[in-house]
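# Coordinate inspection notes
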Amino acid sequence: PIDRSKAGFTTKQTRARDQRAPENRRTQATMAPAIANKNFMGKRVAARQARAARVSVSRRNARLVCKAGAYDEELIATANTIASAGRGILAMDESNGTCGKRLDSIGVENTEDNRRAYRQLLVTTPGLGEYISGAIMFEETLYQSSSEGKPFVDCLKEQGIVPGIKVDKGLVPMANSNGESWCQGLDGLAERCAEYYKQGARFAKWRSVVNITAGPTDKALNDCAYGLARYAAIAQDNGLVPIVEPEILLDGEHDIDTTLEVASRTWAQTFKYLADQDVLFEGILLKPSMVTPGADSGTKCSPETVAEYTLKMLNRRVPPAVPGIMFLSGGQSELESTLNLNAMNQTPNPWHVSFSYARALQNTVLKTWQGDEANVDAAQAALIGRAKANSLAQLGKYTGDGESASAGEGMYEKGYTY
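Summary of the structure given here.

Here is what the cut-offs are and how they apply
Residues numbered from 1 in each chain as written. Predicted model: local features only at pLDDT ≥ 70, side-chain atom pairs only at ≥ 80, totals over all residues. Heavy atoms only, no water. Buried < 20%, exposed > 50% of the residue type's maximum accessible area, 1.4 Å probe, protein only. Helix = DSSP H or I, 4+ residues; strand = E, 2+ residues; numbered from the N terminus. Pairing = 2+ DSSP bridges. Contact = heavy atoms within 4.5 Å. Axes fitted to C-alpha atoms, helices over the stretch in contact; angles between N-to-C directions. Parallel < 35°, antiparallel > 145°, perpendicular 65-115°, else oblique. Left-handed = near helix turned anticlockwise from the far one by under 90°. Nonpolar A, V, L, I, M, F, W, Y, C, P; charged D, E, K, R; others polar.

This part takes up the pairing of strand β1 (residues 88–92). The element β1 is extensively covered by neighbouring structure, given that 5 of its 5 residues are classed as buried. Across 5 bridges, β1 lies against strand β2 (residues 132–137) in parallel orientation. Within the sheet, the bridge partner assigned to glycine 88 lies in β2 and is isoleucine 132. Pairing of β1 with strand β10 (residues 352–357), which is carried by 2 bridges, proceeds in the parallel orientation.

As structure tokens, then:
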């Protein structure tokens, strides 16, 4: 037994401690469930927070998932085939009315047979595939055949040229605007694209325009960009690589800085809507205007200046995922459009920088042909000459040596329509 007096405890202290012991045991017993419950609640909060974090990550990942389209691999392959070194696009997609104007200029009647004969001259030109990677056709031409019965689509494929098709339905006046236009053709577009694919087309073109002299208004810019994006999504969904073409018209007296500003706004809006529509950038091609002063400005810029302004705008607006930039000539002369393209290929670019010319490839050809069968060989030689010149420009090797005086003739038409 402990001698409590020697341990320093008095009888009174011991008795007080013993009296408190039951109370302490009761207090501890009362607190134990509260402590246990606190630990339990803490675990529940932690578990709830962990679940919320997992849900947040899951939702974020769901937003990042991109649905692969049925034609994605084919679209990418087609776009890169067209955007191949030293080659560009022959635009021969003029409507029957516009083609009629061209034929009328050489005294040839605008009939289906004459239109077919002229397009046959183009698609059967020997060696064309060395310089041309794609050809845009009007719907009538897509279903036509040569005089020997060979479909034009097959004539192109034999030369390694990808057949393309114009799918828009033309420009119409925009209500409540200052002479601006909007492009129609979205109704029934999916069905048309599916039929064009069956016929052998593998890329498409839709031309909308922006008119600097008429504004351009925000509503016109929005309509242009949104229409192009909807078309691009529908074309890709049906296996066709879309050429996106918001043409900045040459009409007007504005300077080159104004063109740069409007082009920058237009392409910013266009890519915003393309992204909104989940368009595959690797499976599209662009057909921009070059950045130049207005046709009535009285100013002519050097090829180096045009290249500087144009590439500045494109580098600010176009993602490097886009395979190719295929410029329209927009009424420039054959010589001018080739010199400007050559200047843009003096330094490396993040995309294939090439051409998609109509008048700048065909003007001399048409004048040489004159609707006479005897002139077909000479006209085809003229086409090869222009195609080769622009092929060299795509490679940055064009010099302009040996060009005829007619190559420098301007082809600008105010308010030009296809």
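Of all the positions in helix α3 (residues 96–105), only Thr98, Cys99, Gly100, Arg102 and Leu103 are classed as buried. Of the surrounding elements, those touching the buried residues of α3 are α4 (112–123) and α12 (359–369). A positive phi of about 75° marks glycine 107, the residue just after α3.

Glancing now at unusual backbone geometry. In this structure, proline 216 follows glycine 215 across a cis peptide bond, with omega equal to -15°. By secondary structure assignment, the location of proline 216 is in the loop between β6 (203–210) and α8 (218–237). Here glutamine 370, not a glycine, exhibits a phi torsion of approximately 60°, which is positive. With respect to the helices and strands, the residue glutamine 370 is situated in the loop between α12 and α13 (376–394). Residue classification places glutamine 370 among the partly exposed positions, given a relative accessible area of 39%.

A few words now on the environment of tyrosine 143. Here tyrosine 143 lies in the loop between α5 (139–142) and α6 (152–157). Along the sequence, tyrosine 143 and tyrosine 196 sit 53 residues apart, while their C-alpha atoms lie 9.3 Å from each other. Beyond its immediate chain neighbours, meaning those up to four positions away, tyrosine 143 contacts Glu195, Tyr196 and Gln199.

The next point concerns the packing of α8 against helix α9 (residues 256–276). Running from N to C, α8 and α9 cross one another at 40°; their axes reach a closest spacing of 8 Å. One element, α8, and the other, α9, form an angle in the oblique class. Crossing hand, α8 versus α9: right-handed. Between α8 and α9, the residues in contact are Asp218, Leu221, Asn222, Ala225, Tyr226, Leu228, Ala229 and Ala232 and Arg265, Thr266, Gln269, Thr270, Tyr273 and Leu274, respectively. Taken together, the residues of the contact of α8 with α9 sort by class into 8 nonpolar, 4 polar and 2 charged.

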